[in-house]
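Per-entry structural report
Spelled out, the chains give:
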Amino acid sequence: MPSVLVDTGVWYSFFDPTDRHDDRDTVETLANLIEPMNVIVPWPVTYETVRTRLARRREAMLAFERQLKSTRTVFIDDAQYREEALHECFESARLGRPLSLLDCLLRSLISDSNTKIDYLATYNNGDFSDVCARHRVHLLPG
């Protein structure tokens, strides 16, 4: 079964109907594509997703909880990627192409040949297209 790594913005679009309200068809299509896949969830994505914006929306929290408790959800311990991600985050700022710490962590996960990731679901393709191309990870939405 294919696996997908899902970026925070995609989770928001799934569980908050006011997010990306002008593009709900794309959100629904993406949700349907991801539905049968194994979903890779590094803990920092969970921290970033369950912040005040989502935590105040009861239905959104319950829907995200159902997703996280699904048998298709696989949590990834990010400990081995933290230092590399932090280094890349500061280096990207020095090079004039700043990336968030979470984006750098996701890039490290994608680069790890021991982690099976077939797809990355993100609305920030530009931050990931290079690393995804190198490691044959397909971007969603395409």
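Residues numbered from 1 in each chain as written. Predicted model: local features only at pLDDT ≥ 70, side-chain atom pairs only at ≥ 80, totals over all residues. Heavy atoms only, no water.

A short note on the packing of aromatic side chains
Taken as a whole, this structure holds seven aromatic pairs when the rule is applied. When the centroid spacing of 5.8 Å and the interplanar angle of 5° are considered together, the rings of W11 and F15 count as stacked. In this pair, W11 and F15 are both assigned in helix 1 (residues 8-15), four residues apart and thus about one turn of the helix distant. The buried category is assigned to F15, whose relative accessible area is 15%. Ring geometry for F14 versus F15: centroids 6.3 Å apart, planes at 90°, classification edge-to-face. You'll find F14 and F15 in the same group, each marked buried. Here the aromatic cluster, defined as three or more aromatic residues joined through ring pairs, consists of W11, F14, F15 and F64. (Phe/Tyr/Trp six-rings, centres within 6.5 Å; stacked < 30°, edge-to-face > 60°. Helix = DSSP H or I, 4+ residues; strand = E, 2+ residues; numbered from the N terminus. Buried < 20%, exposed > 50% of the residue type's maximum accessible area, 1.4 Å probe, protein only.)

Observations regarding the nonpolar core
Side chains that are nonpolar tend, in soluble globular proteins, to be buried together. Counting residues in each nonpolar core, the largest one holds 41 residues, and the members touching the most others are W11, I34 and I110. Sort the elements by how many residues they give to this core and helix 7 (residues 101-111) lands first, with six residues. For I34, the contacting residues outside a window of four places in its chain are V4, V6, F14, V39, R72, A121 and L140. (Core = buried A, V, L, I, M, F, W, Y, C linked by side-chain atoms within 4.5 Å. Contact = heavy atoms within 4.5 Å.)

Topic: the pattern of salt bridges
For the structure on display, the rule yields nine salt bridges. For D78, the salt bridge is made with R82, and the minimal N-O distance between the two is 2.9 Å. Judged by relative accessible area, which is 46%, R82 ranks as partly exposed. The salt bridge partner of R107 is D130, with a shortest N-O separation of 2.8 Å. Placement of R107 in helix 7 and of D130 in helix 8 (residues 129-134) is noted, with a sequence separation of 23 residues between them. Residue R107 is classed as buried on the basis of its relative accessible area of 7%. Note on D130: relative accessible area 27%, which makes it partly exposed. Connected through shared salt-bridge partners, E88, R107, D130 and R134 make up one network. (Salt bridge = Lys/Arg side-chain N within 4 Å of Asp/Glu carboxyl O.)

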